[in-house]
Amino acid sequence: MFGPKKDKPVNASATGVVNALKEGAKGVLGIANAVSLAADGWLDIGWVGEFPHPNGVEQKVQPEDLAIMLRNFNAAAEEKGDSWAGIALYVGHPEIEGKSANAPAKAWFKEARIANGVLQFRPEWAGDGEDLVNSRSFKFVSNYWFGSMDEGGVYHPHWIQSVGLTNNPVIPQHPLA
């Protein structure tokens, strides 16, 4: 993740993200991604492609972006150790409305991997999260991520802040269930 200056890398842990925002980092976007729940319990969260956002920003995910997101996820988990809660799965994106401190998580992602060129998270279900997916109340997810713009003005994600359940994906996708 990069802060206000493109050439200044930022620690992408939760603390690093907050500090980068305080220093004026920009480029936080939410985007709905195609997701599936694999038989082994892992969710497909991100893959390679070009994804135009309704706000006009071109988002591009390359294999190295997936690797950076995985490395940043693992670095945050290592930094926090036993206090690592993981990345939350919410209904929608309450943090955009400033409500995430009080929003109940529907799952926590404490494990991540890249398999077959796809970034995957394993959910630890909370409350009614698994029921919301299995009942088809919500069929898609949306990542709320941070990253940087390249020289051509294309956005590359490097940290997933949270994931939201949605029925209105930005990107056409296969449903969860």
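Structure first, text after, so check above.
What counts and what doesn't
- Residues numbered from 1 in each chain as written.
- Predicted model: local features only at pLDDT ≥ 70, side-chain atom pairs only at ≥ 80, totals over all residues.
- Heavy atoms only, no water.
- Helix = DSSP H or I, 4+ residues; strand = E, 2+ residues; numbered from the N terminus.
- Expected span 1.5 Å × (residues − 1).
- Buried < 20%, exposed > 50% of the residue type's maximum accessible area, 1.4 Å probe, protein only.
- Contact = heavy atoms within 4.5 Å.
- Polar contact = N/O pair within 3.5 Å; in protein donor to acceptor, adjacent residues only side chain to side chain.
- Pairing = 2+ DSSP bridges.
- Core = buried A, V, L, I, M, F, W, Y, C linked by side-chain atoms within 4.5 Å.

**Q** I'm lost on helix H2 (residues 63-80) in this one. Help?
**A** In an α-helix, one turn spans 3.6 residues; hence positions three or four apart end up facing the same way. The end-to-end C-alpha distance of H2, which contains 18 residues, comes to 26 Å, matching closely the 26 Å that a straight helix rising 1.5 Å per residue would cover. Those residues of H2 that sit buried are Asp65, Leu66, Ile68, Met69, Leu70, Asn72, Phe73, Ala76 and Ala77. Once H2 finishes, Gly81 follows within two positions and takes phi at roughly 60°, a positive value.

**Q** Teacher, can you tell me more about the environment of His156 here?
**A** Structurally, His156 can be placed in strand E9 (residues 155-166). Judged by relative accessible area, His156 falls into the buried class, the value being 8%. Between the C-alpha atoms of His156 and Leu66, which are 90 residues apart in sequence, the distance is 9.7 Å. With residues near it in sequence (within four places) discarded, His156 still touches Lys60, Gln62, Asp65, Gly147, Ser148 and Asp150. Within the structure, the side chain of His156 is placed 2.9 Å from the side chain of Asp150, a separation counted as a polar contact.

**Q** How should the pairing of strand E2 (residues 43-47) be read in this particular structure?
**A** For a regular strand, the rule is simple: side chains alternate between the two faces of the sheet. Counting buried residues along E2, 5 of its 5 residues qualify, which places the element largely inside the surrounding structure. Two strands pair when backbone bridges link them, and E2 and strand E7 (residues 118-125) are joined in this way by 4 bridges, in the antiparallel orientation. In the sheet register, Leu43 faces E7, and the bridge partner there is Phe121.

**Q** Could you clarify how one ought to interpret the nonpolar core in this entry?
**A** Side chains of nonpolar character tend, in soluble globular proteins, to be buried together. In terms of nonpolar packing, the biggest core is built from 33 residues, with Phe121, Ile160, Val163 and Leu165 touching the most fellow members. Elements with a contribution of two residues or more to this core: E2, H2, strand E5 (87-91), strand E6 (107-115), E7, helix H3 (129-134), strand E8 (140-149) and E9. Counting residues per element, this core draws most heavily on H2, which supplies 6 residues. Once residues lying within four places of it in the same chain are set aside, the contact partners of Leu165 are Leu89, Tyr90, Val91, Gly92, Lys106, Leu132, Val133, Phe138, Phe140, Val141 and Leu176.

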